[in-house]
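One letter stands for each residue in the lines below.
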Number of protein chains: 4
Amino acid sequence: MSILSKWRKRLHDIIYEADTPAGKGFDLILLILILLSVVFVMLESVPRIDARYHEQLYIGEWIITIFFSLEYIARILTVKKPFKYIFSFYGIIDLLSTIPLYISFFLAGSSYLLTVRALRLLRVFRILKVTRYIGASNKLKRALLHSRPKIFVFLFAVLIISIIAGTIMYLVEGEENGFNSIPHSVYWCIVTLTTVGYGDISPATPLGQFIASIIMIMGYGIIAVPTGIVTAEFARDAIDINTQSCTNCNESKHKDNAKYCHSCGEELNPEPLN
Amino acid sequence: MSILSKWRKRLHDIIYEADTPAGKGFDLILLILILLSVVFVMLESVPRIDARYHEQLYIGEWIITIFFSLEYIARILTVKKPFKYIFSFYGIIDLLSTIPLYISFFLAGSSYLLTVRALRLLRVFRILKVTRYIGASNKLKRALLHSRPKIFVFLFAVLIISIIAGTIMYLVEGEENGFNSIPHSVYWCIVTLTTVGYGDISPATPLGQFIASIIMIMGYGIIAVPTGIVTAEFARDAIDINTQSCTNCNESKHKDNAKYCHSCGEELNPEPLN
Amino acid sequence: MSILSKWRKRLHDIIYEADTPAGKGFDLILLILILLSVVFVMLESVPRIDARYHEQLYIGEWIITIFFSLEYIARILTVKKPFKYIFSFYGIIDLLSTIPLYISFFLAGSSYLLTVRALRLLRVFRILKVTRYIGASNKLKRALLHSRPKIFVFLFAVLIISIIAGTIMYLVEGEENGFNSIPHSVYWCIVTLTTVGYGDISPATPLGQFIASIIMIMGYGIIAVPTGIVTAEFARDAIDINTQSCTNCNESKHKDNAKYCHSCGEELNPEPLN
Amino acid sequence: MSILSKWRKRLHDIIYEADTPAGKGFDLILLILILLSVVFVMLESVPRIDARYHEQLYIGEWIITIFFSLEYIARILTVKKPFKYIFSFYGIIDLLSTIPLYISFFLAGSSYLLTVRALRLLRVFRILKVTRYIGASNKLKRALLHSRPKIFVFLFAVLIISIIAGTIMYLVEGEENGFNSIPHSVYWCIVTLTTVGYGDISPATPLGQFIASIIMIMGYGIIAVPTGIVTAEFARDAIDINTQSCTNCNESKHKDNAKYCHSCGEELNPEPLN
């Protein structure tokens, strides 16, 4: 093995592994830099702070960006299948996290897009005793996936209600009360249905307030639907808590009161033998 | 079979079926036109856009409306029981989707009612691999139907609370703080109970703010009720949806993916024999 | 039986029963009058409407009030245990529904308290095919009762959080940003925790907005608690859906998979014999 | 036993026990004083009330503070392991409840921190028939603890969404519409996601309103997640809390009120034998 490939192997371990001390240290430094750079970008947008510390923040951003660029290159060089990494979820985020600053030479304002780096914070799960959180986020993901068709139907209903109710409110309230176009009314309707209620526009005529009341109560009821959907998915998980695995086919997640494996018919032991 | 009845049959297949390529294509074009026309109506209501593109939007709406009118007539002519279609849910929506523009000759503003066309978007479910979504929306419907008496009792309670609390706030706050009539106060109370909170009216006296706090916390608790109702219905569904009974011991309510009875170990028929 | 006691019996049937046609008719008229009188009181508080129709509304209220007074007296005279009625829930509401107008001779404004009549609308459940709704409202009541200690702990937590967070915000934001006293800050904190968010007061300093963000996210999480509590109660109900009654002791509400009555040990028939 | 140690024992019983009449009386007086002092501090912050009653409130606070100081000293003197008390949750709160007023000699405004005393109200659970509430709060605590990893993942997601959506809104809306820095935009985004919606800042451009609509609907969906998590935990609890196993067939998870095993009909022992 040449020195080069040895170094490549070593670098790979540091960058991609989180079990060795070096790998853990690397990930920790990375996280701190990500946090720092997100904070830098946010602070730069505050006029008072930018006026005083513009230079420091600018230099800090460049240092971190150069580090991230080098890291990105190292990731490509040390991995076996570079294209798989480049087009993976993390690969794309890693790229998006470096380029805005380079683009900002040509296009003012694009440097703010560096906050995309916040997505890199997802790497935090690699450092934490990760399995528990992965398990949790897998459960979240699964519950959401299972509920997808129901949620699709639900969002569709919300959209249609918003368009129709928005039009009615536009006709009832009219421009003099701030409902100055149908898209604007639809926006108001979504603000109301979701119970956000900014109050930048609000009905002023008695009829408008009456219709708004109905929309609000509908929104109040509608909120029960996604909650019910997701909860039922979680509950389904929670209910299958018979922790036995079948001694024959290894299937787990039996019903609570199961005596026989639902997958192969083998008898289960209701209580561990003592 | 005459040529006429053959054409009628063919047209029926295109319009009403979604399995043939022609039927699918027709449904897709229909959906795009519906979306376009809803967007046109919404854009027409935006003063700046209307000022510049009034003519184009107007022509576009007419073209789509004429197409929809022809489609409506074709639907009546090709179906076997035209009256059943005319008075069906979709039949009424199809009619309501065409007439507003004709009425707008006599009655200005009525053309905005064309956004009723948004309801036609429900046809989207015919194109999508529909069964899953139908299943989902049936479940939603069933859960809501089952919860109806509970929801009725609940809404009744909300209404009575709103009227009484609204009156109290009217007496406490009075006209000088925006609570200028009992209906207006009741409106405010609904805005508060549903946690929308526009802030167009808000209590200004200490006593009023105290009462408002109680109403808010009540509203916060009350939101639990419809959620609990609907969730419990979903959960009941989610728990056991394998409707088979065991042929040996008659145990039902097996897990969704069960192949063997969890009570006696007998094999279940996962799929109905054909 | 004297004519008097016969009449008394007949009146009792009309007023208290809802099964006979006369009783049903009476209840229906009552409901309409209740609704009318609530609407009258609400309309009277609208300046524009009161200016024009004051006299009509005033006369209408008096007619209804006199009718209610007579009805109240009749209820006392025809019932066997008048004191039990007088001090019952409905008895007190019936009294409160008549006196405000009499008091308004001495005390201006008290006539608005007539909206207490809204509570009489609860009688609607007597006309509707009532059992289903009673069942539903009993379930609601039971679920809420069971959750009482949990809800008490929860409200206590909300209160303590509000007082402490309110004080912090008062110190951070101060009077110049509208947080002009601790009670006012606590009010703001409740408005925020419950996600109502009027916006009559809102944090203006960066630190205040940071603290407010934490409060909001806490509120967002806290809302899960009452929902979870009530839902779990409903779910407990929903799960016990084995509809068999024990042939021995008549106990119902067995567990889904029960084979023996949990109350007396008698065997249950898992499936109806055919 | 010396008189001193006898007195110490007696004082300990009064202060720490809640079963004896003296202990109960002491706790009750304590609670009233805590409530009073919190009210005093809150009232002192109201300019109008402070102007008139400053002296009375000031004296009242001092009297209560001195009482609390003596109580704190007595608690330390009478308990066997004083350091364990001092560094316990209640010990720290008891200390924090007395010092702010002493500090206010040197540091104006610190006396408002006396509202920390609100935490002492948690002692209320000692007087109430406590076990039920402890049980309830233990269940709350357990459900929240179990859901911790899921809630951590969830909060992380909310944070990342807020940062990225906040940046986009900053670029879209800009300073002229109130989105005058990224941290401010992130604050707005949290206000929106949590459906609080103050309306102190709200999008003014059509594109901004469109993005805001998406954020709101996301927030509406996201609220389902913590609710689902917590509810599923409660539901798991609620389903089966009779912890007995049948002595005959070892079946557990009986209904709460079960007297006989639902699986084999054997009698269960409803109460542990004494």
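Note that the structure is predicted; figures quoted are calculated from it, not measured. (Residues numbered from 1 in each chain as written. Chains lettered and ligands numbered in written order. Predicted model: local features only at pLDDT ≥ 70, side-chain atom pairs only at ≥ 80, totals over all residues. Heavy atoms only, no water.)

Quick look at the overall build of chain A now. Scanning chain A from N- to C-terminus turns up 12 helices and zero strands. Start at the N end of chain A and walk to the C end: the helices and strands fall as α-α-α-α-α-α-α-α-α-α-α-α. Looking at the 274 residues of chain A, the share that counts as buried comes to 49%. Looking at chain A alone, contacts between residues at least 24 apart form 52% of all its contacts between residues at least 6 apart. Here chain A displays about 13600 Å² of accessible surface, and carbon together with sulfur accounts for 68% of that area. (Helix = DSSP H or I, 4+ residues; strand = E, 2+ residues; numbered from the N terminus. Buried < 20%, exposed > 50% of the residue type's maximum accessible area, 1.4 Å probe, protein only. Contact = heavy atoms within 4.5 Å. Areas by Shrake-Rupley, 256 points an atom, 1.4 Å probe, with all protein chains shown as cover.)

Our next topic: the side chain of D50 of chain D. All names here are of chain D. Among the structural elements, D50 can be located in helix α3 (residues 47–78). At 2.8 Å, the side chain of D50 forms a polar contact with the side chain of H54. Look past the residues within four positions of D50 in its chain and what remains in contact with it is L43 and E44. (Polar contact = N/O pair within 3.5 Å; in protein donor to acceptor, adjacent residues only side chain to side chain.)

This paragraph deals with the pattern of salt bridges. For the coordinates displayed, the defined rule picks out 12 salt bridges over all chains. In this structure, the salt-bridge partner of D13 of chain A is K9 of chain A, at a minimum N-O distance of 3.1 Å. On the criterion of helical spacing, the pair formed by D13 of chain A and K9 of chain A is a turn pair, its members being four residues apart in helix α1 (residues 3–16). Judged by its relative accessible area of 25%, D13 of chain A falls in the partly exposed class. For R75 of chain B, the salt bridge is made with D94 of chain B, and the minimal N-O distance between the two is 3.8 Å. Of this pair, R75 of chain B sits in helix α3 (residues 47–78) while D94 of chain B sits in helix α5 (residues 89–96), and the two are 19 residues apart along the sequence. On the basis of relative accessible area, R75 of chain B is assigned to the buried category, the value being 1%. (Salt bridge = Lys/Arg side-chain N within 4 Å of Asp/Glu carboxyl O.)

Residues and elements named next belong to chain B. Turning to α5, its buried residues number three or more, namely G91, I93 and D94. Axial view of α5: buried residues confined to an arc of 165 degrees, hence all on one face. Lining the buried residues of α5 we find α3 and α4 (82–86). (Arc of directions from axis to C-beta.)

As a further point, take the packing of aromatic side chains. Using the criterion set out here, one finds 26 aromatic pairs over all chains in the structure. When the centroid spacing of 6.5 Å and the interplanar angle of 15 degrees are considered together, the rings of F83 of chain D and F87 of chain D count as stacked. For F83 of chain D, a relative accessible area of 59% translates into the label exposed. Grouping aromatic residues by their ring pairs yields a cluster made of F179 and W188 of chain A together with Y198 of chain B. (Phe/Tyr/Trp six-rings, centres within 6.5 Å; stacked < 30°, edge-to-face > 60°.)

To continue, consider the nonpolar core. Ranked by size, the top nonpolar core spans 237 residues in total, and within it W188 of chain A, W188 of chain B, W188 of chain C together with W188 of chain D carry the most contacts. Leaving out residues up to four positions away in the same chain, W188 of chain A has contacts with M169, F179, I201, S202, P203, A212 and I215 of chain A together with Y198 of chain B. (Core = buried A, V, L, I, M, F, W, Y, C linked by side-chain atoms within 4.5 Å.)

Residue and element names in this part refer to chain D. Look at helix α9 (residues 148–173) against helix α10 (residues 182–193): their axes get within 8 Å of each other, and the N-to-C directions meet at 120 degrees. When the interaxial angle is binned, α9 and α10 end up oblique. For the pair α9 and α10, the crossing hand works out as right-handed. Facing α9, whose interface residues are V158, I161, S162, I163, A165, G166, T167, M169 and Y170, α10 presents I182, S185, V186, W188, C189, I190 and L193. Along the lines of polarity and charge, the residues of the contact of α9 with α10 split into 12 nonpolar, four polar and no charged. (Axes fitted to C-alpha atoms, helices over the stretch in contact; angles between N-to-C directions. Parallel < 35°, antiparallel > 145°, perpendicular 65-115°, else oblique. Left-handed = near helix turned anticlockwise from the far one by under 90°. Nonpolar A, V, L, I, M, F, W, Y, C, P; charged D, E, K, R; others polar.)

Attention shifts here to the side chain of S202 of chain A. Topologically, S202 of chain A is positioned in the loop between α10 (182–193) and α11 (206–222). In this view, S202 of chain A contacts N177, F179 and W188 of chain A together with Y198 and D200 of chain B; residues no more than four positions away in its chain are not counted.

Residues and elements named next belong to chain A. Model confidence for chain A is summarised by a mean pLDDT of 78, while 78% of its residues fall at 70 or above. Of all the helices and strands in chain A, helix α7 (residues 124–127) carries the lowest mean pLDDT, 60, while α10 carries the highest, 92. Taken as a whole, residues 239–243 scores under 50 in pLDDT and shows 14 contacts with residues more than four places along the chain or in a different chain. The ipTM for the predicted assembly is 0.78, set against a pTM of 0.81. (pLDDT = per-residue confidence, 0-100.)

In this section: unusual backbone geometry. Residues other than glycine seldom take positive phi values, yet T195 of chain A does so here, at roughly 60 degrees. With respect to the secondary-structure elements, T195 of chain A resides in the loop between α10 and α11.

What follows concerns the packing of helix α1 (residues 3–16) of chain C against helix α2 (residues 21–44) of chain C. All names here are of chain C. Following both chains from N to C, one finds α1 and α2 inclined at 55 degrees, their axes separated by 6 Å at the closest point. The angle between α1 and α2 places the two elements in the oblique class. From α1, D13, I14 and I15 reach across to α2, where they touch A22, G23, F26 and D27.

This part covers the environment of E61 of chain D. Residues and elements named next belong to chain D. Summarising the element assignment, E61 is placed in helix α3. Distance in space between the C-alpha atoms of E61 and V39 is 10.0 Å, their sequence separation being 22 residues. When sequence neighbours within four positions are dropped, the list of residues in contact with E61 reads F40, V41, E44, L101 and L114.

Residue and element names in this part refer to chain B. On the secondary structure map, E44 appears in helix α2 (residues 21–44). Classification of E44 as buried rests on a relative accessible area of 10%. Spatially, the C-alpha atoms of E44 and S111 are 10.0 Å apart, while their sequence positions differ by 67 residues. Those residues in contact with E44 that sit more than four places away from it in its chain are D50, H54, L57, E61 and Y112.

So, about the environment of T78 of chain B. Residue and element names in this part refer to chain B. Residue placement: T78 occurs in helix α3. For T78, a relative accessible area of 7% puts it in the buried group. The spatial distance from the C-alpha of T78 to the C-alpha of R10 is 8.9 Å, given a sequence separation of 68 residues. Residue contacts for T78: discarding those within four places in its chain leaves R8, L11, H12 and Y16.

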